[in-house]
Number of protein chains: 2
Amino acid sequence: MEQKGDLLTVREDVRVLDATIRDGGLVNDFYFSDEFIKALYEMNVKAGIDYMEFGYKASKEQFDVNKFGKWKFCNDDDIREVVGENNTKLKLSIMADVGRCDYKEDIHERSDSPLDMIRVATYINTMPQAIAMIEDANKKGYETTCNIMAISNAQEADVKYALEMLGKSPVDAIYIVDSYGSLYPEQIRRISDMYLSTTEKYGKKIGMHAHNNQQCAFANTIESLAVGVSYLDATVCGMGRGAGNCALEALVGFLKNPEYRLDPILKFMEKYMVEMKQKSVWGYDIPYLLTGLTDQHPRTAIAAVKDEDTKYLDFYNMLLDRD
Amino acid sequence: MEQKGDLLTVREDVRVLDATIRDGGLVNDFYFSDEFIKALYEMNVKAGIDYMEFGYKASKEQFDVNKFGKWKFCNDDDIREVVGENNTKLKLSIMADVGRCDYKEDIHERSDSPLDMIRVATYINTMPQAIAMIEDANKKGYETTCNIMAISNAQEADVKYALEMLGKSPVDAIYIVDSYGSLYPEQIRRISDMYLSTTEKYGKKIGMHAHNNQQCAFANTIESLAVGVSYLDATVCGMGRGAGNCALEALVGFLKNPEYRLDPILKFMEKYMVEMKQKSVWGYDIPYLLTGLTDQHPRTAIAAVKDEDTKYLDFYNMLLDRD
């Protein structure tokens, strides 16, 4: 596969998306202070980030609003309280999970909403519902992406079929999601190439959402970029479920476009993330390595880390069904 | 450049070197308990690791033996106390720094020593001394490597010249050393390719020693492997100066050769490294990212982390001379 640009090139197709609230919210049940969210928004504006994801549009029928912070639900009014009219270049997004979002009611017309983009997260077997949601959001005036989760567990033929379906849909970008943090750079380059070549004829952009189980989140993100992926997810200090995500500070340090600025991110981190890291736990740890290595959902690793269970060999035996 | 093998290939040329004592010793001034060292040795034997590096052969004229643990000096007798006759497949190495090692006196004949390999660490401008040390060790019967440090700050023409000099020397392997953790996977592939093609005619092997400042230590190691590098350095839990190194547990998890076994490493980590991590500090942190990004020695970052100085923007301004 061909390399697109080199280390000194400004790639105009790049879009950086800050997913700190959404993926980080999985660490603290979305209980962020209003001050934190406001400062994060201002950081993103100053740092020249392209998109900021506020959280999920989760169904209030399915989830108890008293058990989560407000960014699991992302009411338009709550977002407006932070961004006002958002007269900035920063675009705003939320994530809508297939089967966990009352999208017809809860996602309003774009003209009535502070949001710019709806990101639909789906497993491969619920692709028809995902496309229905994408079409709904598109009709309401939004940019859309489709984030196909857990592809490391899916058949390549099924992924290709899904990409063809999405190619014919109005979706703007399709994300490679390494949900289990199980993929290595050479696999990411190959998968990126497959996504790009399959959807080229439809003019879709490709995105990368990486997890850090095997310490490859940042490397996988810049390697996908090198072969032509353009939508790049990251979070401040890599804050996110389990092993966390691609660190925004590393990504912005890497990108050569002078529109992106590291200084506001450094300032935000010293003011807010030092404290945040004392309150919440995320990032590379041995149980996450092991679920990544065995290509499994991190839930068992999250439980082990929470319980401070450091019996790593027993844990690995359990993952491998070696009893 | 061509890919050598794929994710399912056993590459018979691969040699894994555990540098936990040597690079980890820079974190705790080489004060490891005897029990720890013995257990690490047994772990390496059981895990099928190819080389274990015990530490430095530092000059006792230059360094006060009362200010460091014994593995900064690596007396043959101290090593023998751990390994006995070392009737195992595991080979033993030490590192000898140019200008900091009385190699003529302190490195004995291989037949009188428990050691198998001498690794000579040098900056590019002290290459003639390095080659004198390599020749000395070779004559004494040892395998040798040359670890050219800080190449991210060197001119490519100088590196090529050094590689030609080493090509004509008796050295067995030449290491790419990303001392500042400043290099990205695509640079590592290019540099690996340059090292390999320059030294091919001399039949030298190439090695990789990575640092984790930008969270690329593991990714850079496996990417160098993918293009033909065969000597791979790693440390348990990535223990090493500053941001640390490629994590041995991630590397062994990745390698497909069944001779390498993860179980003994997991057992060792749960018994020794959980406690070690409470006593000593290493691993990715923002100051290390910033020295990596600006391609500088990590000493200022090590001081900042030690002082718990989280004024990241001031630190970055200092690195960039922005006053």
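Right above here is the structure, for reference.
The structure reproduced in this document is the subject of the present report. Being a predicted model, the structure only gives us computed values, none of them experimental.

What counts, and at which threshold
Residues numbered from 1 in each chain as written. Chains lettered and ligands numbered in written order. Predicted model: local features only at pLDDT ≥ 70, side-chain atom pairs only at ≥ 80, totals over all residues. Heavy atoms only, no water. Helix = DSSP H or I, 4+ residues; strand = E, 2+ residues; numbered from the N terminus. Rg over C-alpha atoms; globule rule 2.2 N^0.38 Å. Buried < 20%, exposed > 50% of the residue type's maximum accessible area, 1.4 Å probe, protein only. Contact = heavy atoms within 4.5 Å. Lys, Arg positive; Asp, Glu negative; His and termini not counted. Charge placed at Lys NZ, Arg CZ, Asp CG, Glu CD. Salt bridge = Lys/Arg side-chain N within 4 Å of Asp/Glu carboxyl O. Polar contact = N/O pair within 3.5 Å; in protein donor to acceptor, adjacent residues only side chain to side chain. Phe/Tyr/Trp six-rings, centres within 6.5 Å; stacked < 30°, edge-to-face > 60°. Lys NZ or Arg CZ within 6 Å of the ring centre and 35° of its normal. Pairing = 2+ DSSP bridges. Axes fitted to C-alpha atoms, helices over the stretch in contact; angles between N-to-C directions. 1 Å grid on protein atoms, 1.4 Å probe; cavity = no way out; pocket = protein on both sides within 12 Å on 5 of 7 lines; lining within 4 Å. Points joined across faces, edges and corners; volume = space filled by probe spheres on them. Nonpolar A, V, L, I, M, F, W, Y, C, P; charged D, E, K, R; others polar. Core = buried A, V, L, I, M, F, W, Y, C linked by side-chain atoms within 4.5 Å. Least-squares fit on C-alpha atoms with pLDDT ≥ 70 in both.

### Here we look at the overall build of chain A
Inference 1: In terms of regular secondary structure, chain A is built from 13 helices and eight strands.
Inference 2: What you see for chain A is a C-alpha radius of gyration of 19 Å, in line with the 20 Å of a compact globule of 323 residues.
Inference 3: Expressed as lengths along the three principal axes of its C-alpha atoms, the size of chain A is roughly 55 × 45 × 45 Å.
Inference 4: Split into buried and exposed, the 323 residues of chain A put 63% on the buried side.
Inference 5: For chain A, the share of sequence-separated contacts (at least 6 apart) that also reach a separation of at least 24 residues comes to 76%.
Inference 6: Computing the positive centroid from 38 side-chain charges and the negative centroid from 52, chain A places the two 2 Å apart.

### So, the interface of chain A and chain B
Put simply, an interface is often sized by how much accessible area is lost when its parts join up.
Inference 1: Contacts between the two partners involve 43 residues from chain A, matched on the other side by 44 residues from chain B.
Inference 2: Applying the counting rule to chain A against chain B returns four salt bridges.
Inference 3: Note that Asp263(A) and Arg322(B) form a salt bridge whose closest N and O atoms lie 2.9 Å from each other.
Inference 4: In this structure, the connection of chain A to chain B is made through ten residue pairs in polar contact (both at pLDDT 80 or more).
Inference 5: Elements with a minimum of two residues in the side of chain A that touches chain B: helix H7 (185-199), helix H8 (217-226), helix H9 (248-254), helix H10 (263-279), helix H11 (286-293) and helix H13 (312-319) of chain A.

### A closer look at the packing of aromatic side chains
Inference 1: Evaluation of the coordinates by the stated rule reveals 26 aromatic pairs over all chains.
Inference 2: Measuring from ring centre to ring centre gives 5.9 Å for Phe36(A) and Tyr272(A), while their planes differ by 85 degrees; the resulting arrangement is edge-to-face. Residue Phe36(A) is located in helix H2 (residues 34-47), and its partner Tyr272(A) is located in helix H10; the two are separated by 236 residues in the primary sequence. Per residue, the accessibility class of Phe36(A) equals that of Tyr272(A), and both read buried.
Inference 3: Where Phe254(A) meets Tyr184(B), the ring centres are 4.6 Å apart and the plane angle is 85 degrees; that geometry is what we call edge-to-face. Taken together, the residues span two chains, with Phe254(A) in helix H9 and Tyr184(B) in the loop between strand S6 (173-177) and helix H7 (185-199).
Inference 4: Aromatic ring contacts, followed pair by pair, group Phe32(A), Phe36(A), Phe268(A) and Tyr272(A) into a single cluster.
Inference 5: Above the face of the Phe68(A) ring, Lys72(A) is positioned so that its terminal group lies 4.4 Å from the ring centre.
Inference 6: Across from the ring centre of Phe254(B), 5.2 Å away, lies the NZ or CZ of Lys256(B), which sits over that ring.

### Focus on the sheet that holds strand S3 (residues 91-97) of chain A
All names here are of chain A.
Inference 1: Around the barrel, eight strands lie side by side as S1-S2-S3-S4-S5-S6-S7-S8; this closed barrel has parallel pairing. Adjacent strand axes in the sheet meet at a mean angle of 25 degrees when their direction is disregarded.
Inference 2: In this sheet, strand S5 (residues 143-148) lies alongside strand S4 (residues 117-122) in parallel orientation, the contact comprising six bridges. Within the sheet, the bridge partner assigned to Arg119 lies in S5 and is Thr145.
Inference 3: Contacts from helix H1 (residues 20-28) reach strand S1 (15-18), strand S2 (51-56), S3, S4, strand S7 (205-209) and strand S8 (231-234) within the one sheet, and its direction differs from that of S2 by about 35 degrees.

### Some words on the layout of surface pockets
Inference 1: In this model, the second largest pocket occupies a volume close to 660 Å³.
Inference 2: Around the second largest pocket sit 31 residues that line it, and Ser182(A), Tyr184(A), Gln187(A), Leu293(A) and Leu7(B) are the ones nearest its centre.
Inference 3: When contributions to the lining of the second largest pocket are tallied by element, the ones reaching two or more residues are helix H6 (156-168), H7 and H11 of chain A together with helix H9 (248-254) of chain B.
Inference 4: A total of five residues in the lining of the second largest pocket trace back to one element, the largest contributor, which is H7(A).
Inference 5: Of the residues contributing to the lining of the second largest pocket, the split by class is 16 nonpolar, eight polar and seven charged.

### A few points about the nonpolar core
Note that soluble globular proteins tend to have their nonpolar side chains buried in a common cluster.
Inference 1: With 228 residues, the main nonpolar core has Phe54(A), Tyr195(A), Phe54(B) and Tyr195(B) as its most contacted residues.
Inference 2: Setting aside residues no more than four positions away along its own chain, Tyr195(A) makes contact with Ile148(A), Ile151(A), Val159(A), Leu163(A), Ile174(A), Tyr175(A), Ile176(A) and Ile206(A).
Inference 3: Of all hydrophobic cores here, the second largest spans eight residues; its members include Tyr51(B), Met117(B), Tyr175(B) and Val177(B).

### Overview of the pattern of salt bridges
Residues and elements named next belong to chain A.
Inference 1: According to the stated counting rule, one finds 34 salt bridges over all chains in the structure shown.
Inference 2: Taking the shortest distance from any N to any O, the salt bridge between Arg80 and Asp77 comes out at 3.2 Å. Of the two residues, Arg80 and Asp77 both sit in helix H3 (residues 76-83), three residues apart, roughly one turn of that helix.
Inference 3: Residue classification places Arg80 among the partly exposed positions, given a relative accessible area of 30%.
Inference 4: Under the relative-accessibility criterion, Asp77 is labelled exposed at 55%.

### Points about the relation of the copies chain A and chain B
Inference 1: For the pair chain A and chain B, the superposition axis carries a translation of 0.0 Å, the fit reaches an RMSD of 0.0 Å, and the rotation angle comes to 180 degrees. In short, the pair behaves as if placed about a two-fold rotation axis.
Inference 2: Here 100% of the contact residues of chain A are again contact residues in chain B; the copies associate through an equivalent surface.

### Some details on the side chain of Asn220(B)
All names here are of chain B.
Inference 1: By the element assignment, Asn220 lies in helix H8 (residues 217-226).
Inference 2: A polar contact is formed between the side chain of Asn220 and the backbone oxygen of Leu183, at a distance of 2.9 Å.
Inference 3: Dropping the residues within four chain positions of it, Asn220 is found in contact with Asp178, Leu183, Tyr184, Pro185, Ile188 and Met208.

### Here's the deal with the environment of Gly203(B)
Inference 1: With respect to the element layout, Gly203(B) can be found in the loop between H7 and strand S7 (205-209).
Inference 2: The spacing of Gly203(B) and Asp172(B) is 31 residues in sequence and 8.4 Å in space, taken between C-alpha atoms.

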